[in-house]
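# Observations on the three-dimensional arrangement
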Amino acid sequence: KTWIWGAGMVLRNSYMRRLYQAGFSHINSDRKGESLSSGGDSEICYWHLITGKKLWYNDKLIFHHYISAERLSKEFSERIIKEHELSYNALHPYFPLIYPNPYRNKNKIALFADAVLSILKRKDGRFMFVLLRPWFDSRLNKQTLKIMKSMKYFSAS
């Protein structure tokens, strides 16, 4: 598993402090004010995975999450899906570190073809083309290199 839900997530404070001290910083801001941005929980999970930790999930734990009536509307759902897609794209610098095999063993054309085929198979495929961006870039970009530098400092601490 590469991520767990942030609602109800429990983290060790000392470990999170070490991550921040090593230079890890959030790409996604998560929800602030009217923004429905997300992905902060995924990003924290990625930090743990790339520094050698494992994620633990227990389906016997129960978490009650209150959702207000206005968040159950079609409009809210469409807004949150759109912002979720943008947040997903923002996390693409982590993908070569979390999912290295597709990046090492395929060229950009093959990555693009795989992404298009998987999107076209989806019922909501026409809304999903925003998710293609990570697959266009199989090289390590500046943000990925910055994350790798933080990993190096974390390992040394």
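Everything below is about the structure shown above.
This next bit is on the side chain of Ser68. Note that Ser68 resides in the loop between helix 2 (40-50) and helix 3 (74-90). Since its relative accessible area comes to 14%, Ser68 is described here as buried. Separated by 2.9 Å, the side chains of Ser68 and Glu70 make a polar contact.

As for its placement among the helices and strands, Glu43 is situated in helix 2. Not counting the four nearest positions on each side in its chain, Glu43 is found in contact with Ser25, His26, Ile27, Asn28, Leu91 and Tyr94.

Before going further, it helps to examine the environment of Phe95. Counting through the fold element by element, Phe95 comes out in helix 4 (residues 95-98). Once the C-alpha coordinates of Phe95 and Thr144 are considered, the two residues, 49 residues apart in sequence, prove to be 8.6 Å apart.

To continue, consider the nonpolar core. Proteins that are soluble and globular tend to have nonpolar side chains buried together. Counting residues in each nonpolar core, the largest one holds 18 residues, and the members touching the most others are Leu19, Phe24, Tyr46, Trp47, Ile50, Tyr94 and Phe154. Here this core gets five residues from one element, more than from any other, and that element is helix 2. Discounting residues that sit within four places of it in the chain, Tyr94 has contacts with Ser25, Ile27, Glu43, Tyr46, Trp47, Ile50 and Ile147.

Attention now goes to the side chain of Glu43. Within the buried core, Glu43 has no salt-bridge partner, and the shortest N-O distance to an opposite charge, that of Lys146, equals 8.8 Å. A polar contact of 2.7 Å, which involves the side chain of Glu43, links it to the side chain of Tyr94.

Evaluated as defined, the whole model comprises five aromatic pairs. When the ring of Tyr15 is compared with that of Phe154, the centres are 5.4 Å apart and the planes differ by 75 degrees; the resulting orientation is edge-to-face. Note that Tyr15 is positioned in helix 1 (residues 13-21) and Phe154 in helix 8 (residues 142-156), a separation of 139 residues in sequence. Comparing Tyr15 with Phe154, the two get one shared label, buried. Measuring from centroid to centroid gives 5.6 Å for Tyr20 and Trp47, while their planes differ by 85 degrees, and the two rings are edge-to-face. With Tyr20 in helix 1 and Trp47 in helix 2, this residue pair connects regions lying 27 residues apart in the sequence. On the accessibility criterion, Tyr20 (40% relative accessible area) is partly exposed. According to the relative accessible area criterion, Trp47 is buried, its value standing at 0%.

Parameters and conventions
Residues numbered from 1 in each chain as written. Predicted model: local features only at pLDDT ≥ 70, side-chain atom pairs only at ≥ 80, totals over all residues. Heavy atoms only, no water. Helix = DSSP H or I, 4+ residues; strand = E, 2+ residues; numbered from the N terminus. Buried < 20%, exposed > 50% of the residue type's maximum accessible area, 1.4 Å probe, protein only. Polar contact = N/O pair within 3.5 Å; in protein donor to acceptor, adjacent residues only side chain to side chain. Contact = heavy atoms within 4.5 Å. Core = buried A, V, L, I, M, F, W, Y, C linked by side-chain atoms within 4.5 Å. Lys, Arg positive; Asp, Glu negative; His and termini not counted. Salt bridge = Lys/Arg side-chain N within 4 Å of Asp/Glu carboxyl O. Phe/Tyr/Trp six-rings, centres within 6.5 Å; stacked < 30°, edge-to-face > 60°.

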